[in-house]
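As a plain string of letters, each chain reads:
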Amino acid sequence: MTVPKVATVKKGGSRLYVDELTGERWPGVTTILNQLAKPGLRYWFAKMVAEEAIESFSTVLDLVGRQRHDDAIDFLKRAPGRRSGKAAETGTIVHELVERMNRGEEVSVHPDYQPYVDQYKGFLDLWQPEWIEVESTIVNDTLGYAGTTDGMAKIQNEIAVIDLKTGANVYGEVALQLNAYRNGQFILSANGDRRPLPSIEAAAVVHLRPDRCEVRPVRLGDDIQEVFAALVGVFRWEAELKNTVLGKAVDPDTGDE
C-alpha cells in the first residue's frame, strides 16, 4: 500500500517540507546537516576524477587530440557526480524496498538488489522490530526543521528511532540526524494531521550492505542536540541573513547610499 508523503519543495538548493494545510515550511534535517564541513569529500572528489582519467584514458586522449580541451575537462570534472549518482540510485531503490518490508509487504526485486533484501530479512528475523512508525515526517516547529525518519520501532523493550544507511561507511553525523528526530514536537501527515511523537528511548543505525546487515547504537543527548541547533542557526544565516547585513556604499558628503 502506497502511503502519501509530506510534500517537499526545493528553494535555493534547500529541501523544504510543506504543510499543505497551513502553508508552513521547514528546512529538512539533511539540508541542515549540509552546513557541516566535509573535508573528506575533497579527497573523494579528487580520487574519482583520477580514477576516471585512468579508466577512460582513451576517451580523454581522443578529446584532447581533437583540441576539445573544454570537453575533456567537463567530462572529468563530472566524474564524481556520475559515480555518486549510481550509489544514490541504489540507495533509493533499497530504501523503497525496506520501507515496503517494514510495512509487511512482499517484495520481488531485480537480482542486483536481492542480496540487500536477503540481508534485511535476516535483520528482521533476528531483531524482531515492532514498527510503530515507518517513513514518518517529524517536525520541530520551535527550532524550525522537519525530517523523515526511516522508522520507529520497539526493539528489546525500547522504542528506538532508526535510520537505514546503505553506503560503504557510517559517519558520526548520523547522531545529529537521529537526535533531531528524537527532539521533534509532532508527526506531520500528508493531509496536514498532526499527531504526538512517541517517547523515544534509543537510536540506532541499520547499516545494510549486500553482504551484511549490522545494527549500531547511536547516543542520544542534549549536547548533541545543541550542536544540531547551532547548525539550524548556520542554515538560517546562509539561506536568509547573510544577504541582508551589508548596505550599499555611503557617500561621505551626503550620507546617502
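Everything here concerns the structure above.
Below or above, wherever it landed, is the structure these notes cover. (Residues numbered from 1 in each chain as written. Predicted model: local features only at pLDDT ≥ 70, side-chain atom pairs only at ≥ 80, totals over all residues. Heavy atoms only, no water.)

1. Brief notes about a nonpolar patch on the surface
Residues Trp237, Leu241, Val245 and Leu246 make up a contiguous nonpolar surface patch of roughly 430 Å² in combined accessible area. Mapped onto the secondary structure, Leu246 falls in the segment after helix H8 (222-241). On the basis of relative accessible area, Leu246 is assigned to the exposed category, the value being 78%. (Patch = residues over 30% accessible without salt bridge, like charges linked within 9 Å, V, L, I, M, F, W, Y side chains within 5 Å. Areas by Shrake-Rupley, 256 points an atom, 1.4 Å probe, with all protein chains shown as cover. Salt bridge = Lys/Arg side-chain N within 4 Å of Asp/Glu carboxyl O. Helix = DSSP H or I, 4+ residues; strand = E, 2+ residues; numbered from the N terminus. Buried < 20%, exposed > 50% of the residue type's maximum accessible area, 1.4 Å probe, protein only.)

2. Section: the packing of helix H7 (residues 174-182) against H8
Running from N to C, H7 and H8 point in directions that differ by 90°, and their axes come no closer than 9 Å. As judged from the angle between their axes, H7 and H8 are roughly perpendicular. Counting all contacts with H7, which are made through Ala175, Leu176, Asn179 and Ala180, the residues of H8 involved are Ile224, Gln225, Val227, Phe228 and Leu231. A class-by-class count of the residues in the contact of H7 with H8 yields seven nonpolar, two polar and no charged. (Axes fitted to C-alpha atoms, helices over the stretch in contact; angles between N-to-C directions. Parallel < 35°, antiparallel > 145°, perpendicular 65-115°, else oblique. Contact = heavy atoms within 4.5 Å. Nonpolar A, V, L, I, M, F, W, Y, C, P; charged D, E, K, R; others polar.)

3. A short note on the pairing of strand S5 (residues 145-155)
Regular strands place their side chains on alternate faces of the sheet. Taken across its eleven residues, S5 has ten buried, putting it largely inside the fold. Hairpin connection between strand S4 (residues 130-140) and S5: a loop of four residues separates the two successive antiparallel strands, and Gly144 in this loop has a positive phi of roughly 90°. Across five bridges, S5 lies against strand S6 (residues 158-165) in antiparallel orientation. Bridge pairing in S6 places Ala153 opposite Ala160. (Pairing = 2+ DSSP bridges.)

4. Comments concerning the side chain of Glu99
Structurally, Glu99 is set in helix H5 (residues 79-102). Leaving out residues up to four positions away in the same chain, Glu99 has contacts with Lys5, Val134 and Glu135.

5. So, the sheet that holds S6
With mixed pairing, seven strands are arranged side by side in an open sheet as S8-S7-S4-S5-S6-S9-S10. Among the strands making up the open sheet, the edge pair consists of strand S8 (194-195) and strand S10 (212-218). With nine bridges connecting them, S4 and S5 associate as antiparallel partners. For Ser136, the partnering residue across the bridge sits in S5 and is Thr149. Taken strand by strand, helix H6 (residues 114-127) contacts S4, S5, S6, strand S9 (202-209) and S10, and its axis lies near 145° from that of S9. Strands in contact with H7 are S4, S5, S6, S9 and S10; relative to S6, the strand with the most contacts, it is inclined by about 135°.

6. Thoughts on the pairing of strand S2 (residues 14-18)
Most of S2 sits inside the fold, with four of its five residues counted as buried. When strand S1 (residues 8-11) meets S2, the two strands line up antiparallel, connected through four bridges. Residue Thr8 lies in a different strand from S2, and its bridge partner there is Tyr17. Turn length for the S1-S2 hairpin, with the two strands adjacent in sequence and antiparallel, is two residues, and the turn residue Gly12 shows positive phi of about 60°. With three bridges joining them, S2 and strand S3 (residues 25-27) adopt antiparallel strand pairing. Along S3, the bridge assignment pairs Leu16 with Pro27.

7. Comments concerning the pattern of salt bridges
A complete count under the given rule lists twelve salt bridges for this structure. The partner of Asp19 in a salt bridge is Arg194, and the shortest N-O contact between them spans 2.9 Å. With Asp19 in the loop between S2 and S3 and Arg194 in strand S8, the pair connects residues that are 175 residues apart, well separated along the chain. Look at Asp19 and you get buried, because its relative accessible area is 1%. Here Arg100 makes a salt bridge to Glu105, at a shortest N to O gap of 3.4 Å. Take Arg100: its relative accessible area is 33%, and that puts it in the partly exposed class. For Glu105, a relative accessible area of 22% corresponds to the partly exposed category. What you see here is one network of salt bridges that share partners, running through Lys5, Glu99 and Arg103.

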